[in-house]
Amino acid sequence: MATLLGRDATVYWGSTVSPSRIAETRNIAIDLGADWVDDTVHGDTNRSEQPTFSKFTCMITGLYDDAAYIVMDDALAKVQGYFYIYPKSSVNTQYFYGRGYVSVDEASYPYDDFSNQNWSIRPAGTVTFKHA
């Protein structure tokens, strides 16, 4: 099994079935946690929990690219879109995909640095991880 170099990851987003690659991404962090409920009862010696609802959140940091205005437009309009996240862009058999919404968490335009655009994807249903 080969290790993965994070710089090769890519994100696709768009409100059509064929979303566009979003340029200038720097960091992609995916949370696949779950909500948990305590099922400890009398007589147990250790606390126990069971998972309930699965979660998916994808946070993307990067630089603002004037060709990637679709993220800003869809966040403001609260448009449901399609996403594909490839941990390694050259391996097209391993990726996350689904439908969801985007939120622009930070858009900054400093005087003496590049402009940042940090955003996140929240699912509108089931997220799938496809692998060969």
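What counts as what
- Residues numbered from 1 in each chain as written.
- Predicted model: local features only at pLDDT ≥ 70, side-chain atom pairs only at ≥ 80, totals over all residues.
- Heavy atoms only, no water.
- Helix = DSSP H or I, 4+ residues; strand = E, 2+ residues; numbered from the N terminus.
- Rg over C-alpha atoms; globule rule 2.2 N^0.38 Å.
- Buried < 20%, exposed > 50% of the residue type's maximum accessible area, 1.4 Å probe, protein only.
- pLDDT = per-residue confidence, 0-100.
- Salt bridge = Lys/Arg side-chain N within 4 Å of Asp/Glu carboxyl O.
- Core = buried A, V, L, I, M, F, W, Y, C linked by side-chain atoms within 4.5 Å.
- Contact = heavy atoms within 4.5 Å.

Turning our eyes to something else, we now look at the overall build of the protein chain. Looking only at helices and strands, the protein chain has one helix and 10 strands in total. Its helices and strands taken in sequence order, the protein chain reads β-β-β-β-β-β-α-β-β-β-β from the N to the C terminus. Expected size for 132 residues packed as a compact globule is a radius of gyration near 14 Å; at 18 Å, the protein chain overshoots this value by more than 25%. For the C-alpha atoms alone, the extent of the protein chain along its principal axes is close to 60 × 35 × 30 Å. Residues counted as buried form 26% of the 132 residues belonging to the protein chain.

As a further point, take the confidence of the model for the protein chain. Mean pLDDT over the protein chain: 91, with 98% of residues reaching 70 or higher. Looking across the protein chain, the model is least confident in strand β2 (residues 20-21), with a mean pLDDT of 92, and most confident in strand β7 (residues 81-86), with 96.

Turning our eyes to something else, we now look at the pattern of salt bridges. Applying the stated criterion across every chain yields a total of two salt bridges. For the salt bridge of K55 with D35, the shortest nitrogen-to-oxygen distance reads 3.2 Å. In this pair, K55 is assigned in the loop between β5 (49-54) and β6 (57-62) and D35 in strand β4 (residues 34-38), connecting sequence segments 20 residues apart. Residue D38 is joined to R47 by a salt bridge in which the shortest nitrogen-to-oxygen separation is 2.2 Å. Using a relative accessible area of 37% as the deciding quantity, one classes D38 as partly exposed.

Another aspect to go through is the nonpolar core. Within the largest apolar cluster, 15 residues are counted, with the highest numbers of intra-cluster contacts made by W13, I85, W119 and I121. At the level of secondary structure, the elements contributing two or more residues to this core comprise β1 (10-14), β6, α1 (69-77), β7, β8 (95-108) and β9 (116-123). Filtering out sequence-adjacent residues up to four positions away, I85 remains in contact with T10, V11, I28, I30, F56, C58, Y95, F96 and I121.

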